[in-house]
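The primary structure of each chain is shown beneath.
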Amino acid sequence: MSTATAAPPAQQTRVVNDFSFHVATANGSGSQTANMVLLRGLFKMGIPVSGKNLFPSNIQGLPTWFTIRVNKDGWIGRATTPDIIICMNPESAIEDVETARKGAVLIYDDSLGLSKMRPDCIHYPVPFKKLVVDACPDLKLRKLVINMLYVGVCSALFNIAEDKLLSALAAQLKTKPKAVKVNEPAITLGRKWALENIKKVDPFWCEPLNKNGGKIIIEGNAATALGLMFNGCTVASWYPITPSSSLCESLEDYMRDYRVNPDGKRTFAVIQAEDEIAAVGMLAGAGWAGARCFTSTSGPGISLMNEIIGLGYFAEIPFVICNVARTGPSTGLPTRTMQGDILNVIYASHGDTKHVVIFPSNPKEAFEFAGVALDLADQLQTPIFINSDLDLGMNYWMSDRFDYPTAPVKRGKVLHKADLEKLKGQWARYRDVDGDGIGYRTLPGTDHPNAAYFTRGTGHTELATYSEKATDWKKNMDRLTRKFETAKALVPKPVIDGYTNRVGILYFGTTESAVREAASLLEKQHGHKVDLCRLRAFPFTREVEDFLATHERVYVVEMNRDAQMAMVIRAELPRFAMTLRSILHYDGLPLTAGVVVEQFLAQHKDEPNPTKIAQSASHATSALGTKGRD
């Protein structure tokens with residue numbers, strides 16, 4: 001065995017802080033801890049990173065993969081092809097090696113005998129099964145500790161600081177000090193063995209940066225749970241479903257830590273219902289009673305909740321549903337990601353319904369939009385959807401730190417006893433007195449004889465009395481339409497980069513990282529400059545209409561087969577129908593910049609006539625006027 005070099009050979013150009021890992025293990029083998037130590041160790045070096053977990057939806061022991069992207073420029077979307085593949089699962093090792101790109105680094109147990117496969121790759125066989133005997137005397141724990149050996153090997157090969165990895169291990173297992181002591185020797189031994197026995201011939205190298213100041217690593221579901229707690233959520237009812245379960249589990253954990261009085265009395269209720277129908281039914285009751293309330297679910301759960309969602313819309317009851325989308329239809333791929341529920345949430349339930357939906361793109365927005373959703377539900381007296389997905393909800397993201405909410409909660413039009421005294425007469429629950437389509441409400445238990453009213457899912461008058469009159473029905477539906485128009489001024493506005501180019505890209509949710517990276521690649525490598533509009537809410541605000549009006553062609557990027565968001569734009573803003581093109585991704589994996597670039601270039605061969613540039617610029621100036629932009 002030859003001694004490892006301290007760096008890539010002199011004739012080889014280093015690839016510094018710009019590569020990706022692909023770790024192949026078995027589900028339930030403890031690999032998640034090792035992968036998080038590797039991820040957090042890189043993060044502690046100040047290098048921008050992201051981690052994405054690809055795991056099976058059924059039983060322990062099946063193949064699972066974890067990707068880590070290291071990128072000095074801060075691009076944290078999924079890499080198209082991995083540079084370093086760590087094969088720890090014999091069941092998938094041959095396929096993992098066969099699908100590797102030319103020149104990839106392959107790290108695997110030497111007993112797998114893969115050295116003759118793929119001579120166009122770099123092979124680093126390691127005796128993991130032998131080393132774990134020295135690293136861990138306890139036979140029962142070796143199947144968990146063995147994964148920490150590849151963390152040590154990577155430390156040596158790619159210059160990942162050992163002290164940062166040990167610090168990350170202590171943080172990852174902070175509640176299990178005995179586990180820290182068991183795993184530490186494996187990192188140290190793996191690093192020592194690699195330094196003494198592997199001659200480095202690959203170009204990949206890590207160097208400390210200082211780009212993670214003020215950043216954290218967190219899952220989107222945990223971020224949403226924190227946002228709910230800090231913004232006054234007191235009731236959550238839910239039924240377990242992947243990938244949303246960890247949201248309410250995290251919320252209950254946080255509430256137990258921070259929302260229990262000194263006498264031990266809880267100031268919250270988190271209830272696991274018998275099914276999704278019961279969960280949303282409990283929300284309807286809690287919202288009617290005045291609680292700021294919430295549930296999390298995924299596509300199949302939304303389907304089951306439809307009837308009571310319609311009741312909430314028509315009876316005007318506030319509650320919040322976070323849809324952490326997965327791949328459908330039917331049971332689909334429960335542990336894969338998708339933006340396939342756009343139509344499902346926007347037009348949920350039967351009859352004429354349209355719902356307010358907000359689209360967070362990162363953990364900071366997941367935190368902030370939880371409070372926004374609770375406020376909107378109270379202000380608009382209606383169900384509000386937070387549309388997340390598995391990628392955001394269950395994966396670990398590098399994020400800006402969250403700001404403590406200091407603004408008071410917005411409860412909307414609630415009449416209290418003093419208000420009813422001033423009215424000195426009857427008030428009408430469903431009367432629009434302000435022109436915004438929103439009536440005034442009281443809460444159960446309000447101490448005044450005029451506080452009571454009937455809550456109805458049937459046809460009703462302004463006074464909440466039963467009615468089948470055509471005029472009453474139409475009047476009520478028209479008022480709900482006005483309320484929906486009011487929502488346009490309250491929902492988060494889009495994030496827009498530029499009105500200077502003829503072509504734009506409209507996107508939302510977790511496509512952000514891939515789209516922004518793709519826009520950079522399109523300009524630098526292909527000479528195409530594009531403007532960007534990140535949609536953050538439905539209904540569409542005036543800013544979205546302006547963006548569409550000032551571009552000759554707009555590519556709508558989304559992760560579904562049927563171009564659902566483009567469908568909604570065509571339905572709600574039909575005058576822009578001919579402007580739209582679609583870039584679609586629906587294999588269940590997070591979007592990559594490469595997919596966006598490839599589809600953009602394939603469709604952009606029939607580029608609009610350059611003579612329209614001046615006309616387009618003039619149109620943009622006219623449409624925007626002097627209004628500012630967010």
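As the structure is a computational prediction, the values presented were derived from the model and not from experiment. Position numbers for residues count from 1 along each chain, tracking the sequence in the order it is written. The predicted nature of this model means local features are confined to residues of pLDDT at least 70 and side-chain atom pairs, given and counted, to a pLDDT of 80 or more, with totals for whole chains, interfaces and linings taken over all residues. To obtain the side-chain values, all non-hydrogen atoms of the structure were used and water was disregarded.

Numbering of helices and strands runs from the N terminus; a helix is a DSSP stretch of H or I covering at least four residues, while a strand is a stretch of E covering at least two. Counting secondary structure elements, the chain contains 20 helices and 22 strands. The globule rule is 2.2 Å times the number of residues to the power 0.38, and the radius of gyration it is compared with is taken over C-alpha atoms. A globule of 630 residues ought to have a C-alpha radius of gyration of about 25 Å, and the chain, at 27 Å, matches this closely. With respect to the three principal axes, the spread of C-alpha positions in the chain is 90 × 75 × 40 Å. We call two residues contacting when some pair of their heavy atoms lies within 4.5 Å. Contacts in the chain between residues at least 24 apart in sequence constitute 76% of all its contacts with a sequence separation of at least 6. In these tables, accessible area is a Shrake-Rupley quantity obtained with a 1.4 Å probe, and a residue counts as shielded only by the protein chains included in the view. Counting every atom, the chain has about 26700 Å² of accessible surface; 53% of that belongs to carbon and sulfur.

What follows is about the nonpolar core. Within soluble globular proteins, side chains that are nonpolar tend to cluster in buried spots. Here, nonpolar core means buried Ala, Val, Leu, Ile, Met, Phe, Trp, Tyr and Cys residues that are tied together by side-chain atoms lying within 4.5 Å of each other. Whether a residue is buried, partly exposed or exposed follows from its accessible area with a 1.4 Å probe, protein chains only, as a fraction of its type maximum: under 20%, in between, or over 50%, in that order. One finds F21, I107, F158 and I160 to be the most contacted residues of the largest nonpolar core, which totals 59 residues. It is helix α4 (residues 142–158) that provides the largest number of residues to this core, a total of eleven residues. Either an automatic procedure or a domain database provided the assignment from which the domain bounds are taken. Looking at which domains feed residues into this core, each of domain 1 (11–211) and domain 2 (218–400) supplies at least three. Those residues in contact with I160, other than ones at most four positions away along the chain, are F21, L38, L42, M45, C154, S155, L165, R191 and C206.

Moving on, we come to the sheet that holds strand β19 (residues 531–535). Note on sheets: strands pair through backbone hydrogen bonds, and any given pair is parallel or antiparallel. The five strands are arranged β17-β19-β18-β21-β22 in an open sheet whose pairing can be described as mixed. Taken across any chain shown, the strands that pair with only one partner, and hence form the sheet edges, are β17 (495–497) and β22 (580–584). Across the sheet, the mean angle separating the axes of adjacent strands is 20 degrees when strand polarity is ignored. At least two DSSP bridges between two strands are required for those strands to pair. Relative to strand β21 (residues 553–558), strand β18 (residues 503–508) runs parallel, the two being bridged by four bridges. Looking across to β21, one finds that G504 is bridged to V554. Packed on one face of the sheet, helix α18 (residues 564–572) meets β18, β19, β21 and β22 and runs near 135 degrees to β21. Only C-alpha atoms enter the line fits that serve as axes; for helices the fit covers just the stretch in contact. Angles between N-to-C directions range over 0 to 180 degrees.

Further remarks concern the packing of helix α3 (residues 128–135) against α4. At a closest axis distance of 9 Å, the pairing of α3 and α4 adopts a crossing angle of 105 degrees. Classed by the angle they form, the pair α3 and α4 counts as roughly perpendicular. Residues F128, K129, L131, V132, V133 and A135 of α3 form the contact with α4, whose participating residues are R142, V145, I146, L149, Y150 and V153. Gly counts as polar in this scheme, as do all residues outside two lists: the nonpolar Ala, Val, Leu, Ile, Met, Phe, Trp, Tyr, Cys and Pro, and the charged Asp, Glu, Lys and Arg. Across the contact of α3 with α4, the residue classes break down as ten nonpolar, no polar and two charged. An angle below 35 degrees is treated as roughly parallel, one above 145 as roughly antiparallel, one from 65 to 115 as roughly perpendicular, and anything else as oblique.

Buried accessible area, meaning the area lost when the parts come together, often serves as the stated size of an interface. Here the chain is described as being made up of domain 1 (11–211), domain 2 (218–400), domain 3 (417–490) and domain 4 (495–626). Each side of the interface is counted separately: domain 2 has 21 residues, and domain 3 has 23 residues. Taken together, both faces of the contact between domain 2 and domain 3 bury some 1800 Å²; the carbon and sulfur share is 61%. Computed with a 1.4 Å rolling probe, the buried area is the accessible surface lost when two parts are put together, summed over both parts. When residues of domain 2 are sorted by the area they lose upon contact with domain 3, W288, F314 and E316 head the list and together hold 38% of the total. The rule for a salt bridge is simple: a side-chain nitrogen of Lys or Arg has to be within 4 Å of a carboxyl oxygen of Asp or Glu. Taken together, the links from domain 2 to domain 3 amount to three salt bridges. We note a salt bridge from K483 to E316, for which the minimum N-O separation is 2.8 Å. Pairs of N or O atoms within 3.5 Å make up the polar contacts considered here, provided that, within protein, one atom can donate a hydrogen while the other can accept it, and that residues adjacent in sequence are counted only when both atoms are side-chain atoms. In this structure, the connection of domain 2 to domain 3 is made through ten residue pairs in polar contact (both at pLDDT 80 or more).

Moving on, we get to the packing of aromatic side chains. The pairing test for Phe, Tyr and Trp rings, Trp by its six-membered ring, is centres within 6.5 Å, and the orientation test on the planes gives stacked under 30 degrees, edge-to-face over 60, and tilted for anything in between. Here the structure, examined in full by the defined rule, presents 14 aromatic pairs. The structure contains a cluster of three or more aromatic residues connected by ring pairs, namely F19, F21, F158 and F204. The ring of W397 carries K52 above its face, with NZ or CZ at 4.1 Å from the centroid. Above the face of the F454 ring, R456 is positioned so that its terminal group lies 5.1 Å from the ring centre. Only Lys NZ and Arg CZ are tested; either one counts as a charge over a ring when it is within 6 Å of the ring centre and within 35 degrees of the ring normal.

Spatially, the seven strands line up as an open sheet ordered β11-β10-β12-β13-β15-β14-β20, and their pairing is mixed. Pairing within the sheet leaves two strands with one partner each, and these edge strands are β11 (269–272) and β20 (537–538). Pairing analysis gives four bridges linking strand β10 (residues 235–238) to β11, with the strands arranged parallel. Following the sheet pairing, V235 is matched in β11 by A269. Taken strand by strand, helix α10 (residues 299–315) contacts β12 (293–297), β13 (319–325) and β15 (383–389), and its axis lies near 160 degrees from that of β13.

This part takes up helix α15 (residues 470–487). Any helix carries an expected span of 1.5 Å times its number of residues minus one. Over its 18 residues, α15 runs 26 Å from end to end, which matches the ideal 26 Å to within 8%, given 1.5 Å per residue. Among the residues of α15, those classed as buried are N476, M477, R479, L480, K483, F484 and A487. Taken around the axis of α15, the buried residues stretch over an arc of 155 degrees, which confines them to a single face. What points out from α15, more than 90 degrees from its buried face, is the exposed set A470, T471 and K474. This arc is taken over the directions from the axis of the helix to the C-beta atoms.

Our focus in this paragraph is unusual backbone geometry. Omega for the peptide link from T242 to P243 comes to 10 degrees, which places this bond in the cis form. Within the secondary structure, P243 is located in the loop between β10 and α8 (245–258). One non-glycine residue, A563, lies in the positive phi region at around 55 degrees. Here A563 is to be found in the loop between β21 and α18. Residue A563 is classed as buried on the basis of its relative accessible area of 10%.

Among the residues of α3, those classed as buried are F128, L131, V132 and A135. Mapping the buried residues of α3 onto a view down its axis gives an arc of 105 degrees, with all of them on the same face. Seen from the buried face of α3, the exposed residues on the opposite side, beyond 90 degrees, are K129, K130 and D134. Those residues of α3 that are buried are in contact with β6 (105–109), β7 (122–126), α4 and α6 (177–197).

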